[in-house]
Amino acid sequence: MMTELNFGQPDFLERAISPYYEMGAYEELWSRPDTTFKSISNRFAENPGSVPSDFVPPSNARQSAAFVKQQFENSEVKRFGVRVHGDGEYPGKLRDATHPLELLYFQGWWDLVHSPSVAVVGTRKPSVEGIARARNLTRNLVEDGFTVVSGLAAGIDRVAHETAIEKGGKTLAVIGTPLSKVYPKQHAELQRYIAKHFLLISQVPLRRCESQDYRRNRLFFPERNITMSALTSATIIVEASETSGTLIQARAALKQGRKLFILDNCFRDTRLSWPKKFEDKGAIRVREYDDIHRNLTK
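I will try to describe carefully the structure that is included in this document. (Residues numbered from 1 in each chain as written. Predicted model: local features only at pLDDT ≥ 70, side-chain atom pairs only at ≥ 80, totals over all residues. Heavy atoms only, no water.)

Let's shift gears to the layout of surface pockets. What the largest pocket holds in volume is close to 830 Å³. Every residue lining the largest pocket is counted, 33 residues in all, and those nearest its centre are Arg124, Thr177, Tyr183, Arg218 and Phe221. With 6 residues, helix 8 (residues 220-231) is the largest single contributor of residues to the lining of the largest pocket. Of the residues in the lining of the largest pocket, the class split is 13 nonpolar, 13 polar and 7 charged. Taken as a whole, the second largest pocket holds about 480 Å³ of empty space. What lines the second largest pocket is a set of 25 residues, among which Phe37, Lys38, His99, Glu223 and Ile226 lie closest to the centre. (1 Å grid on protein atoms, 1.4 Å probe; cavity = no way out; pocket = protein on both sides within 12 Å on 5 of 7 lines; lining within 4 Å. Points joined across faces, edges and corners; volume = space filled by probe spheres on them. Helix = DSSP H or I, 4+ residues; strand = E, 2+ residues; numbered from the N terminus. Nonpolar A, V, L, I, M, F, W, Y, C, P; charged D, E, K, R; others polar.)

What follows is the structure, encoded as structure tokens:
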């Protein structure tokens, strides 16, 4: 049974928010199998000024918080933080998403979330030319002072993160698993490095992820693409098929009012129809890096 709601503070200004307590309440909200980011977002939209603990009995929130903390410790996630909508450090740009997050987890250098940033994304199975393009693109973004954001997936994501690090830049990873999990497993060292030296973000509820069939956890990955778009000023697509999850981020970017760049090679691939469709909706075709530089720095 849910506790009664407190709607007396619609703008959060007089509320003392405990990230630890809200973390437990957020995890408890996900205990129902039909809960989604959309259903949670709708609940908060209907009750402005509320926080997760307004919907959850205190004992349940404390129990879930203790469980999550212990699971993180068991997975050697010794230090982590939580940002809750309503606290001073929550990134307001996340509210541009159709179904804004109420809470997220992070490890690392939080100030990076406020830095000028661009997402570099694409297929998990890039061509040799695609890898080279991703490297050159990332190098240019680093030279322009942008934090390079990606999803820590195989392929273009990994190239973007590693190149940013190699070139002395900054990188931010938005993952589709809890902080305590790694996917793919081969990225464990890279994930730890980003968490220690840069910034790792997750919106995935740990208890839900661990309790349900692992196949259902795939649904968290496209959701993180939407978050990745909201956190950045632009998304750049290097390579992507007609069915790529990258296109979810492309749609989100345009809907959120972010710039969307598509490398010219995507247009020249006669098998693909999506590049022209997105260009017609406002995406920018990139024939040379200056097409990006000019639009991001003007």
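From this point, the narrative continues.
Before going further, it helps to examine the pattern of salt bridges. Applying the stated criterion to the full structure yields 16 salt bridges. Among the ionic pairs, lysine 276 bridges to aspartate 280, the shortest N-O distance being 2.7 Å. Pair noted here: lysine 276 and aspartate 280 are both in helix 11 (residues 274-280), with a separation of 4 residues, about one helical turn. Judged by its relative accessible area of 46%, lysine 276 is partly exposed. (Salt bridge = Lys/Arg side-chain N within 4 Å of Asp/Glu carboxyl O. Buried < 20%, exposed > 50% of the residue type's maximum accessible area, 1.4 Å probe, protein only.)

Mapped onto the fold, threonine 246 is located in helix 9 (residues 246-255). Other than its neighbours up to four places away in sequence, threonine 246 contacts Val121, Gly122, Thr123, Ile237 and Ala240. (Contact = heavy atoms within 4.5 Å.)

Purely geometric stuff here, so don't read any function into it on its own.
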